[in-house]
Amino acid sequence: GVHIVVGTPGRLIDLIQKEALDLSRLSTIVLDEADEMLSMGFIADIETILEKTPPTRQTALFSATMPPAIRRLADRYLKNPRSCAVARTQLTVEGVEQRYYVVNEKDKVAALSRLLEMEEITSALIFARTRIGTAELVTELTGRGFSSEALNGDMSQDAREGVLSRFRHNRTKVVVATDVAARGLDIDDISHVVNYDLPHDPEAYVHRIGRTARAGKRGIAISLATPKEVWFLRKVEGFIKQSITRATLPKEADIEAKRETQLL
């Protein structure tokens, strides 16, 4: 008897199989975060759910990014679709300072540690490519004395809410997340966004760094790029029509000097 049901694909299928959810008279289905739904292995689940809906339904896809490959995939599921996009005159926030560091893959953790020690961080959101990557990076950072927690798709809703609450109230300074887990993250005071692993396309880059410099504040977006990945940042610069500054990692002497200053 409810008008609207909101759920994850797996849970919806579970309810359908238990005959607790009947979609035979459904009028509209919405895929939120459609690019992730269609690219992260949910396609079979989505098809299973669609089979239980009437062919007369309306289907809508909502997404912050829609790369061409995903757009082609979406066309399979939509009939004569109309595209509605919110025009943005400037892709990135003016208050974001963007810079990148060129480091070898094996030196990334050490480079990130130096930056975390030197930057004036109130809270930092670090993006890793995989769920396993978030857990491994948190282990590395914790071992180096940086209070950090992971945010990924393997976590229960309660665990996720706990991490976000501690992050929001500054009890955790650093959160390492995947793109999927960070979707819908609404925290105004993130001072730094770090691309530990670069995203898959320029639109995702814009979406990531938009997590900082909110509510009129200033923020810093840092990217760690291997020598082979610098071309991608050139592509991003062309997309956002802004330059990203190449910076030099702090030296040991700089870190020691800062430690002494803090001690005094």
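I will try to describe carefully the structure that is included in this document. This is a predicted model, so every value here is computed, not measured.

1. Structural notes on the packing of helix 5 (residues 108-118) against helix 6 (residues 131-143)
In contact at an axis separation of 11 Å, helix 5 and helix 6 are set at 55° when each is read in the N-to-C sense. Relative to helix 6, helix 5 is oriented oblique. At the point where helix 5 passes helix 6, the crossing takes the right-handed sense. For the pair helix 5 and helix 6, the contacting residues are Val109, Leu112, Ser113 and Leu116 in the first and Leu137, Glu140 and Leu141 in the second. Broken down by class, the residue content of the contact of helix 5 with helix 6 amounts to five nonpolar, one polar and one charged.

2. Thoughts on the pairing of strand 6 (residues 174-177)
Neither face of strand 6 is exposed, since Val174 and Val176 on one face and Val175 and Ala177 on the opposite face are all buried. In this sheet, strand 6 lies alongside strand 4 (residues 124-127) in parallel orientation, the contact comprising four bridges. Bridging across to strand 6, Leu125 finds its partner in Val175. At this point the chain moves from strand 5 (residues 148-151), through helix 7 (residues 157-168), to the parallel strand 6, and the crossover so formed is right-handed.

3. So, helix 5
Among all positions in helix 5, only Lys108, Val109, Ala111, Leu112, Ser113, Leu115 and Leu116 are buried. Buried positions along helix 5 lie against strand 3 (96-102), strand 4, helix 6, strand 6, strand 7 (192-195) and strand 8 (219-225).

4. Thoughts on the environment of Arg218
With respect to the secondary-structure elements, Arg218 resides in the loop between helix 9 (202-209) and strand 8. Look at Arg218 and you get exposed, because its relative accessible area is 64%. As for Arg218 and Arg11, which are separated by 207 residues in sequence, their C-alpha atoms are 39 Å apart. With residues near it in sequence (within four places) discarded, Arg218 still touches Glu94, Gly95, Thr212 and Ala213.

5. Things to note about the sheet that holds strand 3
Judged by pairing direction, the sheet is parallel, and its seven strands sit side by side in the order 5-6-4-7-8-3-9 without closing on themselves. Taken across any chain shown, the strands that pair with only one partner, and hence form the sheet edges, are strand 5 and strand 9 (245-246). Across the face of the sheet, helix 5 comes into contact with strand 3, strand 4, strand 6, strand 7 and strand 8 while running at roughly 160° to strand 8.

6. Structural notes on the packing of helix 5 against helix 11 (residues 252-263)
Two elements in contact, helix 5 and helix 11, have axes whose closest approach is 10 Å; the angle formed by their N-to-C orientations is 35°. The handedness of the crossing between helix 5 and helix 11 is left-handed. Mapping the contact onto sequence places Arg114, Glu117 and Met118 in helix 5 and Glu252, Asp254, Ile255, Lys258 and Arg259 in helix 11. Grouping the constituent residues of the contact of helix 5 with helix 11 by class yields two nonpolar, no polar and six charged.

7. Let's talk about helix 9
Of all eight residues making up helix 9, six are buried, and the element is well covered by its neighbours. Considered for burial, the residues of helix 9 that qualify are Pro202, Ala204, Tyr205, Val206, Arg208 and Ile209.

8. A word on unusual backbone geometry
A positive phi angle, near 60°, is found at Glu19, a position not held by glycine. The backbone of Asn170 shows a phi angle near 60°, a positive value even though the residue is not glycine. Positionally, Asn170 belongs in the loop between helix 7 and strand 6.

9. Side note on the packing of aromatic side chains
Geometrically, a pair of aromatic rings is defined through the distance of the ring centres and the angle of the planes. One pass over the structure, following the stated rule, counts one aromatic pair. Measuring from ring centre to ring centre gives 6.0 Å for Trp231 and Phe232, while their planes differ by 85°; the resulting arrangement is edge-to-face. Residue classification places Trp231 among the exposed positions, given a relative accessible area of 55%. The positively charged end of Lys108 is found above the aromatic ring belonging to Tyr196, 5.3 Å away from the centroid.

10. A closer look at the nonpolar core
Membership of the largest hydrophobic core comes to 23 residues, with the highest contact counts inside it found for Leu112, Ile126, Leu137, Leu141 and Val176. For this core, the elements supplying multiple residues, two or more each, are helix 5, strand 4, helix 6, strand 6 and strand 8. The element that contributes the greatest number of residues to this core is helix 5, accounting for five residues. If we ignore the near neighbours within four places in the chain, the residues touching Ile126 are Leu112, Leu137, Leu141, Val174, Val175, Val176, Ala177, Val194 and Tyr196. If you look at the next biggest cluster of nonpolar residues, it comprises 15 residues, including Leu198, Tyr205, Ala213 and Ala225.

Cut-offs used in this document
- Residues numbered from 1 in each chain as written.
- Predicted model: local features only at pLDDT ≥ 70, side-chain atom pairs only at ≥ 80, totals over all residues.
- Heavy atoms only, no water.
- Axes fitted to C-alpha atoms, helices over the stretch in contact; angles between N-to-C directions.
- Helix = DSSP H or I, 4+ residues; strand = E, 2+ residues; numbered from the N terminus.
- Parallel < 35°, antiparallel > 145°, perpendicular 65-115°, else oblique.
- Left-handed = near helix turned anticlockwise from the far one by under 90°.
- Contact = heavy atoms within 4.5 Å.
- Nonpolar A, V, L, I, M, F, W, Y, C, P; charged D, E, K, R; others polar.
- Buried < 20%, exposed > 50% of the residue type's maximum accessible area, 1.4 Å probe, protein only.
- Pairing = 2+ DSSP bridges.
- Right-handed = clockwise from strand over helix to strand, strands pointing away.
- Phe/Tyr/Trp six-rings, centres within 6.5 Å; stacked < 30°, edge-to-face > 60°.
- Lys NZ or Arg CZ within 6 Å of the ring centre and 35° of its normal.
- Core = buried A, V, L, I, M, F, W, Y, C linked by side-chain atoms within 4.5 Å.

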